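Structural description and commentary
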Amino acid sequence: IGAEGIGCWQSILDMIATLAVTCNVALATFLMPPINHWYWESKLLFFILAEKGLFSLRGAVNSVLTDVPEDVIRIDDYNEMAGKSLMRREIGPLPDAATWHIDDVDIGLSSRGNRGDSDIDDYMEEGEAI
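Residues numbered from 1 in each chain as written. Predicted model: local features only at pLDDT ≥ 70, side-chain atom pairs only at ≥ 80, totals over all residues. Heavy atoms only, no water.

Attention now moves to unusual backbone geometry. The bulk of non-glycine residues show a negative phi, and the bulk of peptide bonds are trans. With an omega of 5°, the peptide bond between proline 33 and proline 34 qualifies as cis. Within the secondary structure layout, proline 34 lies in the loop between α1 (9-30) and α2 (40-64). (Helix = DSSP H or I, 4+ residues; strand = E, 2+ residues; numbered from the N terminus.)

Moving on, we come to the packing of aromatic side chains. The full count for this structure, using the stated rule, is three aromatic pairs. Their ring planes at 40° and their centres at 5.9 Å tell us that phenylalanine 30 and phenylalanine 47 sit as a pair that is tilted. In this pair, phenylalanine 30 sits in helix α1 while phenylalanine 47 sits in helix α2, placing the two residues 17 residues apart along the sequence. A connected cluster of aromatic rings, assembled from ring pairs, spans Phe30, Trp40 and Phe47. (Phe/Tyr/Trp six-rings, centres within 6.5 Å; stacked < 30°, edge-to-face > 60°.)

Turning our eyes to something else, we now look at α1. Every α-helix winds through 3.6 residues per turn, so residues three or four apart in the chain are directed the same way. Its 22 residues give α1 an end-to-end C-alpha distance of 31 Å, which sits within 8% of 32 Å, the value for a rise of 1.5 Å per residue. Here the buried face of α1 lies against α2. (Expected span 1.5 Å × (residues − 1). Contact = heavy atoms within 4.5 Å.)

As a further point, take a nonpolar patch on the surface. Side chains of Leu54, Leu57, Val61, Val64 and Leu65 sit close together on the surface and give an oily, nonpolar patch of about 470 Å² of accessible area. On the accessibility criterion, leucine 65 (55% relative accessible area) is exposed. (Patch = residues over 30% accessible without salt bridge, like charges linked within 9 Å, V, L, I, M, F, W, Y side chains within 5 Å. Areas by Shrake-Rupley, 256 points an atom, 1.4 Å probe, with all protein chains shown as cover. Salt bridge = Lys/Arg side-chain N within 4 Å of Asp/Glu carboxyl O. Buried < 20%, exposed > 50% of the residue type's maximum accessible area, 1.4 Å probe, protein only.)

Note that all results are geometric; they support no functional claim without further evidence.
As structure tokens, this is what we get:
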């Protein structure tokens, strides 16, 4: 089916690449020296052989290279395994909202506890790493 991010453009790009091979071989065969000075039959034979050769090369490269990189396949496999593992677990009762305390939650970038901006400036002036 192709890459998820490219979508329907994948088939359009493949068609353009196919046409590019044919156009480039035709330009090289019929317009570029020394081939353009050959007899008509020789030019036609060269065009057919070169085009089929490049299509074969393109097919070989496409068969060797996968559509999805190996690391993405590994990540997808791991995520699928982790999802199945999480789905098998039984979720216990959630604590009552009254027991949750968000006063002690530190969402700052510092690991030294709750500090305001002025405290960070003080530490930066003292040369201490945060």
